[in-house]
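The residues making up each chain are set out below.
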Amino acid sequence: MTTANPFARSTAFEESLVAAREQTIEEMYSVPESFLEIEVRNPQTHGFGRKMYTDYEIVCKTNIPAFKLRHSVVRRRYSDFEAFRDILEHESTRVNIPPLPGKVFTNRFSDEVIESRREGLERFLSIVAGHPLLQTGSKVLCAFLQDPAWEKSQWV
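Residues numbered from 1 in each chain as written. Predicted model: local features only at pLDDT ≥ 70, side-chain atom pairs only at ≥ 80, totals over all residues. Heavy atoms only, no water.

- An unreviewed UniProt entry annotates the protein chain as Sorting nexin-3 originating from Ephemerocybe angulata.
- The Function (unreviewed entry) field of the UniProt record for the protein chain holds the comment "Required for retention of late Golgi membrane proteins. Component of the retrieval machinery that functions by direct interaction with the cytosolic tails of certain TGN membrane proteins during the sorting/budding process at the prevacuolar compartment. Binds phosphatidylinositol 3-phosphate (PtdIns(P3))."
- Heading Sequence similarities (unreviewed entry) of the UniProt record for the protein chain holds this comment: "Belongs to the sorting nexin family." (UniProt positions renumbered as here; feature names shortened; annotations may be inferred.)

Below you can see the structure in the form of structure tokens.
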């Protein structure tokens, strides 16, 4: 008595893959059902001496219903990102919030440091904004990404 190998491939399965319909050009290049693009760009340094700071432009493009706007542009300082991360941690205890790029104490206004921080902030936002539990359950996420008048004092 021979027993069928439960791990053997089914020829019917292979045939269905071969016979599968190819995508049309419209399907390949149409807007995906849901998309979210976050870009952190255009860092600008303001002030003089001990009052200097750099802020970053956040561009958000999406068709996810939780976001009020399909396209938005806001500016945020690193301290805003710190407050946002703290609020997210308290608001979303079931989600592990990634760290921000570290604080820099020397040469913090050099082009290399600003670019490195910009890349880290973009990575942070892409991870956080792409998390399905935060997209649907976070009140602060959409406001931080889209409201130009966002203030941390509204959330603490």
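Some words on the packing of helix 3 (residues 78–91) against helix 6 (residues 139–146)
Link 1 in the chain: Their axes nearest at 9 Å, the elements helix 3 and helix 6 cross at an angle of 165 degrees. Looking at the two axes, helix 3 sits roughly antiparallel to helix 6. In this structure, helix 3 meets helix 6 at a crossing whose hand is left-handed. Counting all contacts with helix 3, which are made through Asp80, Phe81, Phe84, Ile87, Leu88 and Glu91, the residues of helix 6 involved are Lys139, Val140, Leu141 and Phe144. (Axes fitted to C-alpha atoms, helices over the stretch in contact; angles between N-to-C directions. Helix = DSSP H or I, 4+ residues; strand = E, 2+ residues; numbered from the N terminus. Parallel < 35°, antiparallel > 145°, perpendicular 65-115°, else oblique. Left-handed = near helix turned anticlockwise from the far one by under 90°. Contact = heavy atoms within 4.5 Å.)

Comments concerning helix 3
Link 1 in the chain: Over its 14 residues, helix 3 extends 20 Å from the first C-alpha to the last, a length consistent with the 20 Å expected when each residue adds 1.5 Å.
Link 2 in the chain: In the core, the buried residues of helix 3 are packed alongside strand 2 (53–62), strand 3 (71–77), helix 4 (111–129), helix 5 (132–137) and helix 6. (Expected span 1.5 Å × (residues − 1).)

Examining the pattern of salt bridges
Link 1 in the chain: The final tally for this structure, using the stated rule, is 7 salt bridges.
Link 2 in the chain: Across the salt bridge formed by glutamate 39 and arginine 41, the nearest N and O atoms sit 3.7 Å from each other.
Link 3 in the chain: By relative accessible area, which is 33% here, arginine 41 ends up partly exposed.
Link 4 in the chain: Between arginine 118 and glutamate 115 there is a salt bridge, with its nearest N and O atoms 2.8 Å apart. With arginine 118 and glutamate 115 both in helix 4 and 3 residues apart, this pair spans about one turn of that helix.
Link 5 in the chain: Overall, the relative accessible area of 33% leaves glutamate 115 in the partly exposed class.
Link 6 in the chain: What you see here is one network of salt bridges that share partners, running through Glu39, Arg41, Asp55, Glu57 and Arg75. (Salt bridge = Lys/Arg side-chain N within 4 Å of Asp/Glu carboxyl O. Buried < 20%, exposed > 50% of the residue type's maximum accessible area, 1.4 Å probe, protein only.)

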